[in-house]
Amino acid sequence: GQVKDLAWAPDGKKIVAVGEGRGQIAKCFAWDKGSTFGEFDGLSRKVNSCDYRPNSPFRIVTGSEDQVVNVYAGPPFKFQLSNKKHTNFVNSVKYSPDGAKFVSVSSDKKCILYDGESGAFLQEFGVGKAEQHTGSILGCAWSPKGDRLITCAADKTVKLWDMQGGLKLVSTIPMGTQVEDMQVGCCWVGDYALSLSLSGHLNYLDLGSGAIRTQVLGHAKPLTTVTADPTTNPSEETFYTSSYDGRVCAWDASAGCKGEGTVHSNMPVKMHVAAGGTHLHSIGFDDSLRTTSLPLGSGKAAKIETCKLDAQPKDSSYCKATDVTAVVFETKVQLFKGGAALCSADLPDASSCAVSPEGSQVAVGTKSGKIFTFAVQAGGGALAKGGKALERHRGEVTAMAYSYDGASLASGDSNREVLVWDTSTQEVKKSRMVYHSSKITCLSWSPDNGTLCSGSVDSNVILWPMDLPTSKRTTLALAHKEGVRGVAFVGEKTVCSVGSDAVCKIWRRTA
């Protein structure tokens, strides 16, 4: 079953872990050999929290959804005492640094203090209307000196308590007004107090002023795509990522996340930096093409223009020269500009697309492995299908990208192969790029057109130099353990990759 919490023994040789599942829901074991230390009786429902007393005589305390706080003496550990002062789920239990006391907090909004050795009830605090949390208390943490305690709750606040001067409330820090501002965890790192929001934001707290010192932003869900425009402002190394909950984050490769916002109501499929970095074009499984004004997180809500699509989109590509976006559906490819449809062309089993840099051609890949090219006519008013299909792939064409000079077209398929085509002759000019072990999910060219980057379900990212044989490739093994969903060059020597592991990684070439 799920592991909900764990704590290390002071000697660093034993771990106590708790959670839910069949059989044991609490266990103390040696980290290196797995041998157990005692039995944990008296637990009937999921255990949410545990802690290990930092000094002798050693104790383990647990808090569970049966509303009970249990104390176990050992090792080997055995049941010593059960406290039933709470009337709802016990969410967190924590020993003070000196082990003299421990605290439990619960969904009943109570904070209770106990003796660290005997486990006996000492006092309930924070019971006054002016002091008490108004929502379930989800976490607590002692300061390194043991003189202060912070608690965080679903009421979107963090409270600071004086644990030596009569268990009094020192300050209350409001964390926001939205559902995602609920505080689900907290801790101390040295002299810094931190809390975690439901949104995934990590908050550094200024306890003196009762405010947030700074926030570390980012995604809390698996990532779906990444985009950048390294040719507009190459020194900035700015890029954008999206997760399947519709959130988009703006990043600086050196400084981290600098803004975020919810753009789609369902999973974003593809994004593109547009209009010289002032807008973001994106498609999603909410069947919409959206144009989002940049920057994100600038103190006001981003302006989003929505164009409703006829069906669920599969892929898209953007042309900076003409400000046109091509969107591929199951049965057709369609061009859009300024939030309005320009034209479309029918193509059964379409799967991916790419627009040439000058905007005169659209290449569309299909499930059969063929690539069809369409000439853009009358300023985007019509699409004329070319006579010759590009046929070399042995599986569905899953990713495509034109080089910045338009001389090359890269394509990847479900049969793990990457090909590079000469756009003037429509012949393959680089092949045998079959060093992935699963479907190709994404492709990106370097700004100088000299390197192609590919990502795959096999968790790897590969850099292919165009002027060297494929044996000179660079493989970033296990870049994302649950599969690579997007890659993008954000500078001449900087690549960003995202994956289903909810991680965004920056890679820098040293040569």
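Just above sits the structure.
The following refers to the structure shown. (Residues numbered from 1 in each chain as written. Predicted model: local features only at pLDDT ≥ 70, side-chain atom pairs only at ≥ 80, totals over all residues. Heavy atoms only, no water.)

A closer look at the overall build of the protein
Stage number 1. Helix and strand counts for the protein come out as zero helices and 47 strands.
Stage number 2. A burial count over the protein gives 51% of its 511 residues as buried.
Stage number 3. Counting only contacts in the protein whose residues sit at least 6 apart along the sequence, the fraction spanning at least 24 positions is 40%.
Stage number 4. A total of about 21,900 Å² of accessible surface is found on the protein, and carbon and sulfur atoms cover 48% of it. (Helix = DSSP H or I, 4+ residues; strand = E, 2+ residues; numbered from the N terminus. Buried < 20%, exposed > 50% of the residue type's maximum accessible area, 1.4 Å probe, protein only. Contact = heavy atoms within 4.5 Å. Areas by Shrake-Rupley, 256 points an atom, 1.4 Å probe, with all protein chains shown as cover.)

Some words on the sheet that holds strand β6 (residues 69-73)
Stage number 1. Pairing within the open sheet is antiparallel, and its four strands lie in the order β4-β5-β6-β7. Only two strands of the sheet have a single neighbouring strand rather than two, namely β4 (47-52) and β7 (78-83). Taken pair by pair, the neighbouring strands of this sheet meet at an average axis angle of 20°, ignoring direction.
Stage number 2. Alignment of β4 against strand β5 (residues 59-64), held across five bridges, turns out to be antiparallel. Paired with Val-47 across the two strands is Ser-64, which belongs to β5. (Pairing = 2+ DSSP bridges. Axes fitted to C-alpha atoms, helices over the stretch in contact; angles between N-to-C directions.)

Brief notes about the nonpolar core
Stage number 1. Ranked by internal contacts, the top residues of the largest apolar core, which has 18 residues, are Val-333, Leu-335, Val-362, Val-364, Phe-374 and Leu-383.
Stage number 2. Contributions of two or more residues to this core are made by β29 (324-328), β30 (332-337), β31 (340-346), β32 (350-355), β33 (361-366) and β34 (370-377).
Stage number 3. If we skip the residues at most four places from it in the chain, Leu-335 touches Val-324, Thr-325, Ala-326, Ala-340, Ala-341, Leu-342, Cys-343, Val-362, Val-376, Gly-380 and Leu-383.
Stage number 4. Phe-40, Leu-43, Tyr-52 and Phe-77 belong to the second-largest nonpolar core, a separate cluster that totals 15 residues. (Core = buried A, V, L, I, M, F, W, Y, C linked by side-chain atoms within 4.5 Å.)

Re the side chain of Ser-411
Stage number 1. Positionally, Ser-411 belongs in strand β38 (residues 408-413).
Stage number 2. For Ser-411, a relative accessible area of 0% translates into the label buried.
Stage number 3. Looking at Ser-411, its side chain comes within polar contact range of the side chain of His-393, at 2.6 Å.
Stage number 4. A polar contact of 2.9 Å, which involves the side chain of Ser-411, links it to the side chain of Trp-421. (Polar contact = N/O pair within 3.5 Å; in protein donor to acceptor, adjacent residues only side chain to side chain.)

Some details on the packing of aromatic side chains
Stage number 1. Tallying each qualifying case throughout the model produces 11 aromatic pairs.
Stage number 2. Ring centres of Tyr-52 and Phe-58 lie 6.0 Å apart, and the angle between their planes is 65°; on these two criteria the pair is classed as edge-to-face.
Stage number 3. Taking relative accessible area as the criterion, Tyr-52 reaches 5% and is therefore assigned buried.
Stage number 4. Ring pairing ties together the aromatic residues Phe-40, Tyr-52, Phe-58, Tyr-72, Phe-77 and Phe-79, which thus form one cluster.
Stage number 5. The lysine or arginine in question, Lys-85, covers the ring of Phe-121, its NZ or CZ lying 4.7 Å from the ring centre.
Stage number 6. Between the NZ or CZ atom of Arg-473 and the centre of the ring of Tyr-435, over which it lies, the distance is 3.5 Å. (Phe/Tyr/Trp six-rings, centres within 6.5 Å; stacked < 30°, edge-to-face > 60°. Lys NZ or Arg CZ within 6 Å of the ring centre and 35° of its normal.)

A closer look at empty space enclosed by the protein
Stage number 1. Scanning the entire structure with this criterion turns up two cavities of 30 Å³ or more.
Stage number 2. The space that makes up the largest cavity amounts to roughly 50 Å³.
Stage number 3. Gln-361, Thr-373, Leu-390, Tyr-402, Leu-409, Trp-421, Asp-422, Thr-423 and Gln-426 are the residues that line the largest cavity.
Stage number 4. Looking at the second largest cavity, its volume works out to about 40 Å³. (1 Å grid on protein atoms, 1.4 Å probe; cavity = no way out; pocket = protein on both sides within 12 Å on 5 of 7 lines; lining within 4 Å. Points joined across faces, edges and corners; volume = space filled by probe spheres on them.)

Topic: the sheet that holds β29
Stage number 1. Taking strand neighbours across the sheet as the criterion, the four strands line up as β28-β29-β30-β31 in an open arrangement whose pairing is antiparallel. Looking at which strands have only one partner, the edges of the open sheet turn out to be β28 (315-319) and β31. Ignoring strand direction, the axes of neighbouring strands in this sheet form an average angle of 20°.

Some thoughts on the environment of Lys-13
Stage number 1. Relative to the helices and strands, Lys-13 resides in the loop between β1 (3-8) and β2 (14-19).
Stage number 2. Along the sequence, Lys-13 and Ala-30 sit 17 residues apart, while their C-alpha atoms lie 5.8 Å from each other.
Stage number 3. The contact partners of Lys-13, leaving out residues within four places of it in the chain, are Phe-29, Ala-30 and Trp-31.

Focus on the side chain of Thr-241
Stage number 1. Examined against the element boundaries, Thr-241 turns out to sit in strand β21 (residues 238-243).
Stage number 2. A distance of 2.8 Å separates the side chain of Thr-241 from the side chain of Trp-251, its partner in a polar contact.
Stage number 3. Setting aside residues no more than four positions away along its own chain, Thr-241 makes contact with His-219, Thr-225, Val-226, Arg-247, Val-248, Cys-249, Trp-251, Met-271, Val-498 and Cys-504.

What to know about the pattern of salt bridges
Stage number 1. Tallied over the full model, the rule gives 13 salt bridges.
Stage number 2. The residue Asp-229 makes a salt bridge to Lys-320 at a minimum N-O spacing of 3.4 Å. Note that Asp-229 is positioned in the loop between β20 (223-228) and β21 and Lys-320 in the loop between β28 and β29, a separation of 91 residues in sequence.
Stage number 3. When the shortest N-O distance is used, the salt bridge between Arg-394 and Glu-417 registers 3.9 Å. Of this pair, Arg-394 sits in the loop between β36 (390-391) and β37 (397-402) while Glu-417 sits in the loop between β38 and β39 (418-422), placing them 23 residues apart in sequence.
Stage number 4. By sharing partners, the salt bridges in this structure join Lys-314, Glu-330 and Lys-367 into a single network. (Salt bridge = Lys/Arg side-chain N within 4 Å of Asp/Glu carboxyl O.)

Thoughts on the pairing of β29
Stage number 1. For β29, a buried count of five out of five residues is recorded, marking the element as mostly surrounded by other parts of the structure.
Stage number 2. Both faces of β29 are covered, namely the face carrying Val-324, Ala-326 and Val-328 and the face carrying Thr-325 and Val-327.
Stage number 3. Here β28 pairs with β29 via five bridges, running antiparallel. Opposite Asp-315, over in β29, you have Val-328 as the bridge partner.
Stage number 4. Here β28 hands over to β29 after four residues, with Asp-323 in that stretch at a positive phi of 60°.

Some remarks on the pairing of strand β26 (residues 288-293)
Stage number 1. Of all six residues in β26, six are buried; the element is thus mostly enclosed.
Stage number 2. Here β26 shows no split at all, with Ser-288, Arg-290 and Thr-292 on one side and Leu-289, Thr-291 and Ser-293 on the other all buried.
Stage number 3. In this structure, strand β25 (residues 279-284) lies alongside β26, joined through six bridges in antiparallel fashion. Note on β26: the bridge partner recorded for His-279 is Ser-293.
Stage number 4. Two successive antiparallel strands, β25 and β26, enclose a turn made up of three residues, where Asp-287 displays a positive phi of approximately 55°.

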